[in-house]
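# Structural overview for review
Residues per chain are reported as follows:
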Amino acid sequence: MKWPPLIEGAPTPWTIRLRDVALTVLAWLYLLYLLRLLGLALLYAALDGLGVAHAPPPWPKGELVRDIVPFLSVVLLLVAWLVTFALARWNLLRDTRDATSQPAPLDRAVHDQHCGISPSQRSAMDESTILIVDVADTGQVVSVECRRQV
């Protein structure tokens, strides 16, 4: 198989695009909702760093940061892994020379001759809906049973 596969785009219905945009926006909003306390903690840390007076945070000092550090460590590790993997495979993923320079299709007569298929077998195969092909270890077609679907 040639890599990367060429996937030619087809026009996507507007309903599918709308669904994708709506689900993406909902996923981002949900992620922001889950990280709201982290944003609040960063805001309080920034205000402390700038020396701005503010009301005390709604959690005991240092407790939220203590709970978030393991989570952030795992997130940073996964991000580093993804970036490293993407950079390592960048050239392979961007190389489309093999996929765009496919050889011409094999002529049907040459293929039939190579596999040992006679012209009468070929015409029967073209008209049939079910084929049972017996192939030898050498790649030669030993027999072809053609059936019609009832």
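Here the structure is a predicted model, which is why all the values come from computation and not from measurement.

### Section: the pattern of salt bridges
In the structure shown here, the tally under the stated rule is four salt bridges. A salt bridge links aspartate 126 to arginine 108, with the nearest nitrogen and oxygen atoms 3.2 Å apart. You can see aspartate 126 sitting in helix α7 (residues 119-127) and its partner arginine 108 sitting in helix α6 (residues 108-115), a full 18 residues away along the chain. One salt bridge in this structure joins aspartate 126 and arginine 122, with 3.6 Å as the shortest N-O distance. Within this pair, aspartate 126 and its partner arginine 122 are both found in helix α7, separated by four residues, close to a single helical turn. Since its relative accessible area comes to 15%, arginine 122 is described here as buried. Each of Arg108, Asp112, Arg122 and Asp126 takes part in one network of salt bridges that share partners.

### A few points about the nonpolar core
In terms of nonpolar packing, the biggest core is built from six residues, these being Leu38, Ala41, Tyr44, Trp59, Leu64 and Ile68. Put simply, the parts of the chain that give this core at least two residues each are α2 (36-50) and α3 (63-88). By residue number, the principal contributor to this core is α2, which donates three residues. Residues contacting tryptophan 59, with those up to four places away along its chain left out, are Leu37, Leu40, Ala41, Tyr44 and Leu64. If you look at the next biggest cluster of nonpolar residues, it comprises five residues, including Cys115, Met125, Val141 and Val144.

### Quick notes on the packing of aromatic side chains
In total, this model carries one aromatic pair according to the counting rule given. Geometrically, the ring pair formed by tryptophan 81 and phenylalanine 85 is stacked, given 5.7 Å between the ring centres and 15° between the ring planes. Of this pair, tryptophan 81 and phenylalanine 85 both sit in helix α3, separated by four residues, roughly a single helical turn. For tryptophan 81, a relative accessible area of 51% corresponds to the exposed category. Classification of phenylalanine 85 by relative accessible area gives partly exposed; the value is 41%. Above the face of the tyrosine 33 ring, arginine 36 is positioned so that its terminal group lies 4.2 Å from the ring centre.

### Description of the side chain of serine 128
Here serine 128 is to be found in the loop between α7 and β1 (130-135). Ignoring anything within four residues of it in the chain, the contact list for serine 128 reads Cys146 and Arg147.

### Here's the deal with a nonpolar patch on the surface
Together, Trp28, Tyr30, Leu31, Tyr33, Leu34, Leu35, Phe71, Leu72, Val75, Val79, Val83 and Leu87 make up an exposed nonpolar region whose accessible area comes to about 1,200 Å². Of all elements in the fold, only α1 (14-34) and α3 reach the threshold of two or more residues within the nonpolar patch. At six residues, α3 tops the list of elements feeding residues into the nonpolar patch. By secondary structure assignment, the location of phenylalanine 71 is in helix α3.

Rules used in this analysis
Residues numbered from 1 in each chain as written. Predicted model: local features only at pLDDT ≥ 70, side-chain atom pairs only at ≥ 80, totals over all residues. Heavy atoms only, no water. Salt bridge = Lys/Arg side-chain N within 4 Å of Asp/Glu carboxyl O. Helix = DSSP H or I, 4+ residues; strand = E, 2+ residues; numbered from the N terminus. Buried < 20%, exposed > 50% of the residue type's maximum accessible area, 1.4 Å probe, protein only. Core = buried A, V, L, I, M, F, W, Y, C linked by side-chain atoms within 4.5 Å. Contact = heavy atoms within 4.5 Å. Phe/Tyr/Trp six-rings, centres within 6.5 Å; stacked < 30°, edge-to-face > 60°. Lys NZ or Arg CZ within 6 Å of the ring centre and 35° of its normal. Patch = residues over 30% accessible without salt bridge, like charges linked within 9 Å, V, L, I, M, F, W, Y side chains within 5 Å. Areas by Shrake-Rupley, 256 points an atom, 1.4 Å probe, with all protein chains shown as cover.

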